[in-house]
Amino acid sequence: MSGVELEVILNADQPQEAEIFRAWAGENGLDVDVLSNAGCGCCVDIYSLFATPQAARVLDSRLRAVGSGVNFKA
């Protein structure tokens, strides 16, 4: 996939972040359960993935609405 690399950090004590991410992933044909999670799972989930620039901006906007966001990698 041509796109941008991003890192998504979801806080376990903010379940709406995971809900937003799962919904976005489904809209973009991604299965969160097969993505590599570098977080511990008890306090954070950390996903690194590629997305189109437009999809990445949508996710960033949705997560920022609840106080999180997306880290864009260079």
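This text goes with the structure placed above it.
All values derive from a computational prediction rather than experimental measurement.

Draft legend 1. Just helix α2 (residues 53-64), in detail. The end-to-end C-alpha distance of α2, which contains 12 residues, comes to 16 Å, matching closely the 16 Å that a straight helix rising 1.5 Å per residue would cover. Within the span of α2, buried status applies to A55, A56, L59, D60 and L63. Taken end-on, α2 shows its buried residues confined to a sector of 135°, consistent with a single buried face. Opposite its buried face, α2 presents the exposed residues Q54 and R57, each directed more than 90 degrees away. Contacts made by the buried residues of α2 are with β1 (4-11), α1 (15-27), β2 (44-51) and β3 (70-72).

Draft legend 2. Just the environment of G3, in detail. With respect to the helices, strands and loops of the structure, G3 is situated in the segment before β1. By relative accessible area, G3 is classed as partly exposed at 38%. Separated by 23 residues in sequence, G3 and G26 have C-alpha atoms that sit 18 Å apart.

Draft legend 3. Highlighting the sheet that holds β3. Across the sheet, which stays open at both edges, the three strands sit in the order β2-β1-β3 with antiparallel pairing between neighbours. This sheet does not close on itself; its edge strands, each paired only once, are β2 and β3. Here the strands of the sheet are splayed against their neighbours by 25° on average, with no regard to which way each runs. Across three bridges, β1 lies against β3 in antiparallel orientation. Residue E7 lies in a different strand from β3, and its bridge partner there is N71. Seen against the sheet, α1 touches β1 and β2 and runs at an angle of roughly 145° to β1. Against the sheet, α2 touches β1, β2 and β3, its axis set at about 20° to β1.

The rules behind each value
- Residues numbered from 1 in each chain as written.
- Predicted model: local features only at pLDDT ≥ 70, side-chain atom pairs only at ≥ 80, totals over all residues.
- Heavy atoms only, no water.
- Helix = DSSP H or I, 4+ residues; strand = E, 2+ residues; numbered from the N terminus.
- Expected span 1.5 Å × (residues − 1).
- Buried < 20%, exposed > 50% of the residue type's maximum accessible area, 1.4 Å probe, protein only.
- Arc of directions from axis to C-beta.
- Contact = heavy atoms within 4.5 Å.
- Pairing = 2+ DSSP bridges.
- Axes fitted to C-alpha atoms, helices over the stretch in contact; angles between N-to-C directions.

The values reported here are purely geometric and, on their own, carry no functional implication.
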